[in-house]
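Read off the chains here:
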Amino acid sequence: MNGAEKKRRKSSWWYLLFLIQFVVILWPPLYNKIEPTLIGLPFFYWFQLAWVIVSAVFTAVVYWATRD
Amino acid sequence: MPDINWTALIVFILLFGFITWLGFAAARWRKGDLDLLNEWGLGGRRFGTVVTWFLVGGDVYTAYTFVAVPALAFGAGAVAFFAVPYTIIIYPLLFLVFPRLWNVCHKHGYITAADFVRGRFGNRWLALAVAVTGIIATLPYIALQLVGIQVVIGALGVTGNGLAADLPLVIAFAVLAAFTYSSGLRAPASIAIVKDTLIYVATFAIIIVVPLKLGGFAHIFAAIPAKKVLLAVPGDHTTGSYSAYATLALGSALALFLYPHSMTAILSANSGRAIRRNAAILPGYSFMLGLLAMIGLFVIAAGIADMPAYAEGFKHFGSNFAVPALILHIFPSWFIGVAFAAIAIGALVPAAIMSIAIANLYTRNIHREFVNRSPTNKQEAQMAKWVSLVAKLGALVFVLFIPTKYAIELQLLGGIWIIQTLPAVMLGAYTRWFNDWALLLGWAAGTFAGTAMAIASKLTPTFALTLGGYTLPGYSALYTVLLNLLIAVVLTPVFNGMRAGRAPVDQTAEADYLAS
């Protein structure tokens, strides 16, 4: 295994961040509720909107971490 | 229908005139030889991170999306919010798969997904299946964009009888066809920048003004029937709305980038890196789409559906009238013009890209493969320009003469069909393990089963799958692509054995998939 390949193997753990968002967002029982509300928005709505931002941050992290 | 709103109509026409000029002027932007298919149909693959952001955004979040997602929320409630998990999932997929596809397509001059499949698996019939699926799935999508334009033109109060009623739509389409013909992909790319700016302004105006007028979010949600605010909790022996919600999100996400128009926008980027960066910044649009889905609920809370002024609009356009009615209800005339222009221009961008994508597929994977095997570059580009006209004309005829209901149902079937190209295209980007004929049979089985499921569930997206006394309602596209994959996996060793080492040559090498 050469150096470049070793680096690729190591950095690919970052892709697990993608798995986290898949599991969270595809499990509706987790967020199908009213409380706690945020500025009057039911949890169902603000939680999913918040995950849009979280997922963008995750993707940016993976981008920086796996950049050659 | 209300009388013509002149202020709104004039603002609308001015903005429309501006983008018409822009569409034609785009031919000179990053100038290339438009007699080459690569230049006309992919903008010379020269778009950087920012233009790609506008282009993919303009492509994925279409006018129809902006009308239909809130309309679904207005009619069906919380389930419409599946659009949010859907758009969360698409970007990791974009990040993982598409830089590889971009690299290999760039290296070998592939313009369509079917080009790639042809090179990778060396089977023209498999490539034909991918091309035909792409064309058929995209045509009703173009028709739906026209429905978006129809709704706002109706809401502006422009009505008439017979042919006169359709005249504004015909004009809009003539404009679209002309600038696509002359400027190719550069036209929607430049217009997308204007369109997205307008859409952002309109959405944020709605999301700020409406809650203020209705007394805050808490007030709004208190006014909505409880069963629309959340998903229904499943009963015994069923996963109910939960599995429907999750599979709709996942299945739609897997299908999205297989659509030819998404592929066209992605391949026109100037590097794999521009695509990866976009995976991180495109969620800006997802956030807006989530806000828009909530706007559909605001319409319920505002009680607009019961106001006599909008009764005819709702009668004519159904729940698709929800957002236009809300805009008419709360904004001054000049802003109504801006918001409606945003929706109409938002229809032109994806419609242009879709017709270009269809043209690329027909020209490369049907005409060149089966009719004229050695066209000159100029003949190839000319053919594509004509096909883009024919595709749009077909969509226009469809919208004018066939009820909207059929376009919506065909678009639903289109999603089920397009996902069947996933094993060949997305998994093909990673592995050549699959046998080409096994992939083709898997595709056929998935397409057939998906169509049957959709018909069995009365042309709605979710099919109630029953397994050992348990009911698992879910998106037919996801169920059938699993069947497709299973068949491809089982048949691959069988067919490889029958062929005994005479596999077609893979034109691509592993190094072609990595950034150089």
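The rules behind these values
- Residues numbered from 1 in each chain as written.
- Chains lettered and ligands numbered in written order.
- Predicted model: local features only at pLDDT ≥ 70, side-chain atom pairs only at ≥ 80, totals over all residues.
- Helix = DSSP H or I, 4+ residues; strand = E, 2+ residues; numbered from the N terminus.
- Rg over C-alpha atoms; globule rule 2.2 N^0.38 Å.
- Buried ≥ 20, exposed ≤ 12 C-beta atoms within 10 Å, placed from the backbone.
- Contact = placed C-beta atoms within 7 Å.
- Axes fitted to C-alpha atoms, helices over the stretch in contact; angles between N-to-C directions.
- Parallel < 35°, antiparallel > 145°, perpendicular 65-115°, else oblique.
- Left-handed = near helix turned anticlockwise from the far one by under 90°.
- Nonpolar A, V, L, I, M, F, W, Y, C, P; charged D, E, K, R; others polar.
- pLDDT = per-residue confidence, 0-100.
- Pairing = 2+ DSSP bridges.
- Expected span 1.5 Å × (residues − 1).

**With respect to the overall build of chain B**
Here's step 1: Scanning chain B for helices and strands turns up 23 helices and two strands.
Here's step 2: In terms of overall size, chain B behaves like a compact globule, its C-alpha atoms giving a radius of gyration of 23 Å where 516 residues would be expected to give roughly 24 Å.
Here's step 3: When the backbone C-alpha atoms are referred to their principal axes, chain B occupies close to 70 × 60 × 45 Å.
Here's step 4: The 516 residues of chain B split such that 58% are buried.
Here's step 5: Taking contacts inside chain B between residues at least 6 apart in sequence as the whole, the part at least 24 apart equals 85%.

**What to know about the overall build of chain A**
Here's step 1: When you go through chain A residue by residue, the secondary structure sums to three helices and zero strands.
Here's step 2: Counted from the first residue to the last, chain A has its helices and strands arranged as α-α-α.
Here's step 3: Looking at the 68 residues of chain A, the share that counts as buried comes to 24%.
Here's step 4: Counting only contacts in chain A whose residues sit at least 6 apart along the sequence, the fraction spanning at least 24 positions is 55%.

**Notes on the packing of helix H18 (residues 333-371) of chain B against helix H19 (residues 377-401) of chain B**
All names here are of chain B.
Here's step 1: At a minimum axis distance of 8 Å, the contact between H18 and H19 shows a crossing angle of 130°. What the angle tells us is that H18 and H19 run oblique. Considering how the two elements wind past one another, H18 and H19 form a crossing that is right-handed. Side by side, H18 and H19 meet where Ala-351, Ser-355, Ile-356, Ile-358, Ala-359, Asn-360, Tyr-362, Thr-363, His-367 and Arg-368 of the first sit next to Glu-380, Met-383, Ala-384, Val-387, Ser-388, Ala-391 and Lys-392 of the second.
Here's step 2: Partitioning the contact of H18 with H19 into residue classes produces nine nonpolar, five polar and three charged.

**A short note on the environment of Thr-66 of chain A**
Here's step 1: Here Thr-66 of chain A shows up in helix H3 (residues 43-66).
Here's step 2: Along the primary structure Thr-66 of chain A and Tyr-15 of chain A are separated by 51 residues, whereas in three dimensions their C-alpha atoms are 9.0 Å apart.

**As for the confidence of the model for chain B**
Here's step 1: With 98% of its residues at a pLDDT of 70 or more, chain B has an overall mean of 88.
Here's step 2: Across the interfaces of the predicted complex, the ipTM metric reaches 0.87, alongside a pTM of 0.90.

**A look at the pairing of strand E2 (residues 470-475) of chain B**
All names here are of chain B.
Here's step 1: As defined by bridge partners, strand E1 (residues 462-467) adjoins E2 across six bridges and the pair is classed as antiparallel. Within E2, the residue paired with Ala-464 across the bridge is Pro-473.
Here's step 2: Taken together, E1 and the strand that follows it, E2, pair antiparallel across an intervening segment of two residues, in which Gly-468 is found at a positive phi of about 50°.

**Structural notes on unusual backbone geometry**
Most peptide bonds take the trans configuration, and most residues that are not glycine carry a negative phi.
Here's step 1: With an omega of -5°, the peptide bond between Glu-35 of chain A and Pro-36 of chain A qualifies as cis.
Here's step 2: Phi at Arg-45 of chain B is positive, roughly 50°, even though this residue is not glycine.
Here's step 3: Along the chain, Arg-45 of chain B falls in the loop between helix H2 (37-42) and helix H3 (49-60).
Here's step 4: We classify Arg-45 of chain B as partly exposed; it has 19 C-beta atoms within 10 Å.

**Focus on the interface of chain B and chain A**
Here's step 1: Contacts between the two partners involve 31 residues from chain B, matched on the other side by 27 residues from chain A.
Here's step 2: Looking at the side of chain B that touches chain A, the elements that each hand over two or more residues are helix H5 (83-108), helix H10 (216-222), helix H12 (240-256), helix H14 (272-281) and helix H15 (283-302) of chain B.
Here's step 3: Among the elements that line the side of chain B that touches chain A, the one with the most residues is H5 of chain B, at seven residues.
Here's step 4: For the side of chain B that touches chain A, the class distribution of residues is 26 nonpolar, three polar and two charged.

**Quick notes on helix H4 (residues 63-76) of chain B**
Along an α-helix, a turn takes 3.6 residues, which lines up residues three or four apart on a common side.
All names here are of chain B.
Here's step 1: With 14 residues, H4 should cover 20 Å at 1.5 Å per step; its first-to-last C-alpha distance of 20 Å lies within 8% of that length.
Here's step 2: With respect to burial, H4 is a largely interior element, twelve of its 14 residues being buried.
Here's step 3: All buried positions along H4 are accounted for by Ala-63, Tyr-64, Thr-65, Phe-66, Val-67, Ala-68, Val-69, Pro-70, Ala-71, Leu-72, Ala-73 and Phe-74.
Here's step 4: Looking at the packing, one finds that the buried side of H4 touches H5, helix H7 (124-155), helix H9 (186-214), H15, helix H17 (322-330) and H18.
Here's step 5: Gly-77 sits one or two positions beyond H4 and adopts a positive phi of about 85°.

**Regarding the environment of Thr-37 of chain A**
Here's step 1: By secondary structure assignment, the location of Thr-37 of chain A is in the loop between helix H2 (16-25) and H3.
Here's step 2: With sequence-adjacent residues up to four places away left out, Thr-37 of chain A is seen in contact with Pro-42 and Phe-43 of chain A.

**As for the packing of H4 of chain B against H7 of chain B**
Residues and elements named next belong to chain B.
Here's step 1: Packing of H4 against H7 leaves a shortest axis separation of 8 Å and a crossing angle of 70°. By the criterion of interaxial angle, the relationship of H4 to H7 is roughly perpendicular. Across the interface between the two elements, Ala-63, Tyr-64 and Val-67 of H4 pack against Leu-144, Gln-145, Val-147, Gly-148 and Val-151 of H7.
Here's step 2: Residue classes in the contact of H4 with H7 are distributed as six nonpolar, two polar and no charged.

**A look at helix H23 (residues 476-499) of chain B**
Residue and element names in this part refer to chain B.
Here's step 1: Between its first and last C-alpha, H23 extends 33 Å over 24 residues, near the 34 Å set by a 1.5 Å rise per residue.
Here's step 2: Among the residues making up H23, those that are buried are Ser-476, Ala-477, Leu-478, Tyr-479, Thr-480, Val-481, Asn-484, Ile-487 and Ala-488.
Here's step 3: Those residues of H23 hidden inside the fold are in contact with H12, helix H20 (404-418), helix H21 (422-427), helix H22 (436-456), E1 and E2.

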